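Letter by letter, the chains look like this.
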Amino acid sequence: MLSDWIGSDTRFFPLGIESDRRTLAESGAAHALKTIGLLPKRLLSLPPFEKCFEGGFTPSPLQQAIEELPLDPNTQLVLVESDTGSGKTEAALRWFWRLYAGNHVDGLYFALPTRVAARELYGRVLKTVETVFPDRLDRPSPVLLAVPGYVQADGVPAALQHPEDLLWEDDRYSALSEKLWAAERPKRFLAAPIAVGTIDQALLSALKVKHSLLRSVCLDRLLLVVDEVHASDTYMSGILDVLLKGHVARGGFAMLLSATLGESARATYLDLPTLSLPEAIERPYPSITIHGKEVPVASTSPSKSVRLHWIESLQDETLLPHLREALLAGGRVLVTCNTVDRAQALLKTVESAGFDPAWLFHLGQHMACPHHGRFARCDREILDRAVSQRFGKGTPQGPVLLIGTQTLEQSLDIDADYLITDPAPIDVLLQRIGRLHRHKRIRPPGYEQALVSIRIPDQPLHVYLNHEGRLKGPAGIGSVYDDGRMLQRTIDVLSEMKELRIPEQNRYLVEECTHDEALEKLPEALWRQHRDWLWGGRLADLRQAQTAVMPNEPFGEFHYPDDGSNVFTRLGESDISVRFSTPMKSPFGQTIEEILLPYWWLPARFAKTDPVTPAALSDGAGFTFEVAGRRFQYTRFGLERMHDESVD
């Protein structure tokens, strides 16, 4: 399929040229492979570590351990476990350059959990390519940001690669067009020599979907780096497990990066026996695991002491005194909510409580706003930049309050003095706590030590279990995080501690809150039915994953029977693309042509095949529109449902 697509492209094999057929074919093939990036640029010699990164720096112990790993079949699958900010990304990139220089791989695919994470990392990957290959003509190209809607090639948005003053026949245009071959369709992304994208693009290579074999054969030649590996999603974990085993069996190389990977996930991915709880807690941290063997690594991350504080209420009003006190002291305050609705509601509560508008994170002309995933694509880009400019390294001092969701947990390099968070499993909490005291700077009085306040309900979690054993509580308890056992163990374990020592206690905390033996410490009578409900759902998810993946066996037809079912990289209803009949202006001055609408916001009778092109009405603060009889608004708070009883 890959050969056919390239051979059928008239940009590489033009029609109507009078020439010897074989000569034309061979020259066209060589040109195509070189231009697309399928013919790797080779490093004549591996530059020293310091020459691979801008500014040059000596390797940390973790990076030095990667430097000393052998290049053989025992290192086809490497697991790196280390805390946030310890240099895992640079370690992975150095591992890539070692494999690339040794002709073990032809390129790199860096897979991240979210589009935001991919966009944030892309610049760092591009910079190391430019550092290793100073001559632009000699470097692997294109270096691709493989995220639909945000595609960049060599640092330039793909949509801007075709200047308007070039005619389509122009030789310069033709060269640009050929270079963007891998960027033109998501199904081609993995044909790029170096790409940064979401894990979905890699998972699609293992699923029974169109063009999966095309993706797979392209991925086989690349080092696959999977960042922020976790095991909270049974379905995705099942697919990733099949992908990794197939990739390695075909001779591929993969590296897994994690700050908080539990024992059960480690054993699954590495095909190892599961350790007991005491054994798991005693595993070294940080560490590198290859072929079942652990290599302890010295930690160079400064030890961080984090004070624990509990707020036994999920009501927004109870936060106001804590927020006001921290802001009056000049603190940077981060509030992470489990749902978008809670983030939007909290910001409105804070504004109505008369907080100084200058305290609130804002975009544009003092326009306060939260940070979450329900903003239009163009607004989300400038919102991410604004967060980094206000909370990143070297940014101005002074009080500021940022309210957001899980979008703030990872990827964005932000630093806060005080964190308030909704209840979450320990691995998620550690990610959120990683935003505290991330950089060196002067702290406001009272916040010289990092402080986290954890919001919990005023009654035990088992109260929210229904007759089926399903957890249905407020603040995303049960809907966002369905395993009430891990939530309860997180609360139980942390409630016995006055402060945390990060990263020294990372391993202990993760295993004591997630290991099967730790979960068995909960009262059997209260949690048995919930455990059975979880097992039933996860078994169904695992079976669905096993049904969705390609069999790792010889095949005949390049075709999968269409049984009428859909195959996804992630379970759950997908969003609906809404394209406005007339482009609208966002509250931040951007032009919005399209927005994603959660499918579950629409009535059950709505068919996904229905075209969604509503007319929107501007109201000065944003705009409103209607889909399938439901009304929605888009303002500085993002996308919201309008509760209008006159509309069905």
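All figures in this text were calculated on a predicted structure; none of them were measured in a lab.

Asks: Honestly, the overall build of the protein in this entry has me stumped. Any pointers?
Replies: On a plain count of helices and strands, the protein comes out with 19 helices and 24 strands. Relative to its length of 648 residues, the protein is compact, with a C-alpha radius of gyration of 26 Å against a globular reference of 26 Å. Each principal axis of the C-alpha atoms in the protein carries an extent, and together these give about 80 × 60 × 55 Å. Sequence-distant contacts in the protein: of pairs separated by 6 or more residues, those separated by 24 or more amount to 73%. Carbon and sulfur atoms make up 52% of the accessible area of the protein, which totals about 29,400 Å². Between the centroid of the 70 positive side chains of the protein and the centroid of its 85 negative side chains there is a distance of 2 Å.

Asks: Please clarify how the sheet that holds strand E8 (residues 253–258) should be interpreted in this entry.
Replies: The strands making up a sheet are joined through hydrogen bonds of the backbone, oriented either antiparallel or parallel. Ordered in space as E5-E4-E3-E6-E2-E7-E8-E1-E9-E10, the ten strands form an open sheet in which the pairing is mixed. Looking at the sheet topology across the chains shown, the edges are occupied by strand E5 (156–157) and strand E10 (293–296). In this structure, strand E1 (residues 77–81) lies alongside strand E9 (residues 287–290), joined through four bridges in antiparallel fashion. Paired with Val80 across the two strands is Ile288, which belongs to E9. Sitting on the sheet, helix H4 (residues 88–101) touches E1, strand E2 (107–112), strand E6 (194–198), strand E7 (222–226) and E8, and the angle it makes with E2 is about 155°. Along the sheet, helix H5 (residues 115–132) contacts E2, strand E3 (143–146), strand E4 (152–153) and E6; its crossing angle with E6, the most-contacted strand, is approximately 165°.

Asks: I'm lost on the pairing of strand E12 (residues 332–336) in this one. Help?
Replies: Judged by how many residues are buried, E12 sits mostly within the fold: five of five residues are covered. Burial along E12 is two-sided: Arg332, Leu334 and Thr336 facing one way and Val333 and Val335 facing the other are all buried. The sheet contact formed by E12 and strand E16 (residues 418–421) spans four bridges and is parallel. By the bridge assignment for E16, Thr336 is matched with Thr421.

Asks: Mind showing me how you'd approach the side chain of Thr407 here?
Replies: Mapping Thr407 onto the fold places it in the loop between strand E15 (400–404) and E16. Engagement of the side chain of Thr407 in a polar contact is seen with the side chain of His371, the distance being 2.7 Å. If sequence neighbours within four positions are ignored, Thr407 has contacts with His371, His372, Gly373, Arg380 and Leu412.

Asks: Could you clarify how one ought to interpret the pattern of salt bridges in this entry?
Replies: Should their charged atoms come close, side chains of opposite charge can pair. Scanning the model with the defined rule gives 38 salt bridges in all. One continuous salt-bridge network, built from bridges that share partners, spans Glu81, Glu263, Arg266, Arg283, Glu294 and Arg507.

Asks: Please explain the layout of surface pockets as it appears in this structure.
Replies: One way to see where empty space is left: roll a probe the size of a water molecule over the atoms. Within this model, the second largest pocket holds a volume of roughly 1,400 Å³. Thr84, Gly85, Ser86, Gly87 and Arg438 are, among the 43 residues lining the second largest pocket, the residues nearest its centre. Listing elements by their share of the lining of the second largest pocket, those giving two or more residues are H4, H5 and helix H15 (426–433). Split by residue class, the lining of the second largest pocket holds twelve nonpolar, 18 polar and 13 charged.

Asks: Would you take a moment to explain unusual backbone geometry for this structure?
Replies: The bulk of non-glycine residues show a negative phi, and the bulk of peptide bonds are trans. The omega torsion across Ser141 and Pro142 is 0°, close enough to zero to call that bond cis. Inspection of the secondary structure assignment puts Pro142 in the loop between H5 and E3. A cis amide bond links Ile502 to the next residue, Pro503, at an omega of 10°. With respect to the secondary-structure elements, Pro503 resides in the loop between strand E18 (499–502) and helix H17 (506–514). In this model, Asn103 sits at a positive phi of 60°, which is unusual for a non-glycine residue.

Asks: Where do I start with a negative patch on the surface in this structure?
Replies: A grouping of Glu279, Asp516, Glu517 and Glu520 is seen on the molecular surface, where their side chains present a negatively charged patch. Structurally, Glu517 can be placed in helix H18 (residues 516–519). For Glu517, a relative accessible area of 35% puts it in the partly exposed group.

Asks: How do you make sense of helix H8 (residues 212–219) when you look at a structure like this?
Replies: An α-helical segment advances 3.6 residues per turn. Residues three or four places apart therefore align on the same side. In terms of burial, H8 is largely enclosed, as six of its eight residues are buried. Burial in H8 covers these residues: Ser212, Leu214, Arg215, Ser216, Cys218 and Leu219. Of the surrounding elements, those touching the buried residues of H8 are helix H1 (2–7), E2, helix H7 (199–203), E7 and helix H9 (234–249).

Asks: What am I meant to see in the pairing of strand E19 (residues 576–585) here?
Replies: Along a regular strand, successive side chains alternate from one face of the sheet to the other. For E19 and strand E20 (residues 591–597), the ladder comprises six bridges, and the chain directions are antiparallel. Counted as the bridge partner of Ile576 is Leu597 from E20. In this structure, the hairpin formed by E19 and E20 is closed by a connection of five residues, where Gly589 is found at a positive phi of approximately 85°.

Asks: Can you walk me through the confidence of the model for the protein in this structure?
Replies: Low-confidence regions, as indicated by low pLDDT, have predicted coordinates that should not be scrutinised in detail. Residue-level pLDDT values for the protein average 87, and 91% of them are 70 or greater. By mean pLDDT, helix H6 (residues 171–179) is the weakest element of the protein at 57, and E16 is the strongest at 98. Counting contacts from residues 162–173, a segment whose pLDDT is below 50, to residues more than four positions away or on other chains yields twelve contacts.

Asks: Could you clarify how one ought to interpret the nonpolar core in this entry?
Replies: Judged by nonpolar contacts, the single largest core of 69 residues is most densely connected at Phe361, Leu494, Leu500, Leu597, Phe625 and Val627. Not counting the four nearest positions on each side in its chain, Leu597 is found in contact with Asp575, Ile576, Val578, Leu602, Val627, Phe632 and Leu639. In this structure, Leu219, Val229, Ile239 and Leu244 belong to the second largest nonpolar core, which totals 53 residues.

Asks: Whenever I open this one, empty space enclosed by the protein confuses me. Can you help?
Replies: Applying the stated criterion to the full structure yields three cavities of 30 Å³ or more. One number sums up the size of the largest cavity: a volume of about 50 Å³. Residue lining of the largest cavity: Ser60, Pro61, Leu62, Ser82, Asp83, Ser86, Pro286, Val297, Ala298, Ser299, Thr300 and Ser301, and that is the complete set. Among the residues forming the lining of the largest cavity, the class breakdown is five nonpolar, six polar and one charged.

Asks: Teacher, can you tell me more about the packing of aromatic side chains here?
Replies: Aromatic rings considered in pairs are described by the distance between their centres and by the relative angle of their planes. As enumerated under the stated definition, the model contains 18 aromatic pairs in all. Centre to centre, the rings of Phe355 and Trp359 are 5.9 Å apart; their planes meet at 85°, and the pair counts as edge-to-face. Here the two residues Phe355 and Trp359 agree in accessibility, since each one is buried. Arranged with centres 5.8 Å apart and planes meeting at 40°, the rings of Tyr418 and Tyr447 form a pair that is tilted. Linking Tyr418 in strand E16 with Tyr447 in the loop between H15 and strand E17 (450–455), this pair joins segments that are 29 residues apart in sequence. Through a chain of ring-to-ring contacts, three or more aromatic side chains come together here, namely Phe375, Phe580, Phe588, Trp600, Trp601, Phe623, Phe625, Phe632 and Tyr634. Here the basic side chain of Arg119 rests over the ring of Tyr150, its NZ or CZ set 4.5 Å away from the ring centre. Between the NZ or CZ atom of Arg188 and the centre of the ring of Trp181, over which it lies, the distance is 4.3 Å.

How each quantity is defined
Residues numbered from 1 in each chain as written. Predicted model: local features only at pLDDT ≥ 70, side-chain atom pairs only at ≥ 80, totals over all residues. Heavy atoms only, no water. Helix = DSSP H or I, 4+ residues; strand = E, 2+ residues; numbered from the N terminus. Rg over C-alpha atoms; globule rule 2.2 N^0.38 Å. Contact = heavy atoms within 4.5 Å. Areas by Shrake-Rupley, 256 points an atom, 1.4 Å probe, with all protein chains shown as cover. Lys, Arg positive; Asp, Glu negative; His and termini not counted. Charge placed at Lys NZ, Arg CZ, Asp CG, Glu CD. Pairing = 2+ DSSP bridges. Axes fitted to C-alpha atoms, helices over the stretch in contact; angles between N-to-C directions. Buried < 20%, exposed > 50% of the residue type's maximum accessible area, 1.4 Å probe, protein only. Polar contact = N/O pair within 3.5 Å; in protein donor to acceptor, adjacent residues only side chain to side chain. Salt bridge = Lys/Arg side-chain N within 4 Å of Asp/Glu carboxyl O. 1 Å grid on protein atoms, 1.4 Å probe; cavity = no way out; pocket = protein on both sides within 12 Å on 5 of 7 lines; lining within 4 Å. Points joined across faces, edges and corners; volume = space filled by probe spheres on them. Nonpolar A, V, L, I, M, F, W, Y, C, P; charged D, E, K, R; others polar. Patch = residues over 30% accessible without salt bridge, like charges linked within 9 Å, V, L, I, M, F, W, Y side chains within 5 Å. pLDDT = per-residue confidence, 0-100. Core = buried A, V, L, I, M, F, W, Y, C linked by side-chain atoms within 4.5 Å. Phe/Tyr/Trp six-rings, centres within 6.5 Å; stacked < 30°, edge-to-face > 60°. Lys NZ or Arg CZ within 6 Å of the ring centre and 35° of its normal.

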